[in-house]
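Coordinates in review
One letter stands for each residue in the lines below.
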Amino acid sequence: RSQVHRRLLYDDNRGVGEPLVELGADKQGLVIRGRHLILLNAVEAAAQRHRPLAQELVLSPYAVLAPGGGSSSRLPEFSALRGELPPALHLLTLMPWDASDTSGDAGDPTGATVLLRLEHQFELGESANGSQPVTVDL
């Protein structure tokens, strides 16, 4: 069962104590638009599909456009990895780091040291393939 929004003209005696009538700014009622994805898998294989898909949907890139000076300038590319990360790993943090700074803002303006945090996307026993230990050679 999936419920996105409901509207009730009378209290349904389910705890709110009042009708659920949200008219919105235009007084025509709320309109909800969205996208629901339903994956039909066996329980044993569900995590193998839904974890990478969730990462892809939530962390998809945004195209950001800004007025420019007329010339296209490309940013230099750099990768410290020898290859792609294994599919079960997610890059959680990559930022400049100054371990001696205790103020809470540990940014290192020189960029000499970085904080790298990786996370394993799968719980132990959640997926036959994805839950296996992963080794990364940095």
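What counts and what doesn't
- Residues numbered from 1 in each chain as written.
- Predicted model: local features only at pLDDT ≥ 70, side-chain atom pairs only at ≥ 80, totals over all residues.
- Heavy atoms only, no water.
- Helix = DSSP H or I, 4+ residues; strand = E, 2+ residues; numbered from the N terminus.
- Areas by Shrake-Rupley, 256 points an atom, 1.4 Å probe, with all protein chains shown as cover.
- Buried < 20%, exposed > 50% of the residue type's maximum accessible area, 1.4 Å probe, protein only.
- Contact = heavy atoms within 4.5 Å.
- Patch = residues over 30% accessible without salt bridge, like charges linked within 9 Å, V, L, I, M, F, W, Y side chains within 5 Å.
- Salt bridge = Lys/Arg side-chain N within 4 Å of Asp/Glu carboxyl O.
- pLDDT = per-residue confidence, 0-100.
- Polar contact = N/O pair within 3.5 Å; in protein donor to acceptor, adjacent residues only side chain to side chain.

**Overview of the overall build of the protein**
Each helix and strand in the protein was counted, giving one helix and two strands. Here the protein displays about 12200 Å² of accessible surface, and carbon together with sulfur accounts for 54% of that area.

**Remarks on the environment of G29**
Of note, G29 is situated in the segment before α1 (43-58). Given the relative accessible area of 10%, G29 is considered buried. Distance from G29 to R7, taken between C-alpha atoms, is 8.7 Å for residues 22 residues apart in sequence. If we ignore the near neighbours within four places in the chain, the residues touching G29 are R7, E22 and L23.

**Comments concerning a nonpolar patch on the surface**
Nonpolar side chains collect at one region of the surface, where L81, L91, L94, V114, L116, L118 and L138 lie side by side and expose about 580 Å² of accessible area between them. Contributions of two or more residues to the nonpolar patch are made by β1 (89-96) and β2 (114-120). Considering every element that reaches the nonpolar patch, the biggest residue donor is β2, with three residues. Inspection of the secondary structure puts L116 in strand β2.

**Re the confidence of the model for the protein**
When pLDDT is averaged along the protein, the result is 79, and 81% of the positions lie at 70 or above. The element-level mean pLDDT for the protein is lowest in α1, coming to 86, with β2 highest at 90.

**Some thoughts on the side chain of S127**
Inspection of the secondary structure assignment puts S127 in the segment after β2. The class of S127 is buried, set by a relative accessible area of 5%. Within the local environment of S127, its side chain forms a polar contact with the side chain of Q48, the two groups lying 2.3 Å apart. For S127, the contacting residues outside a window of four places in its chain are E44, A47, Q48 and F122.

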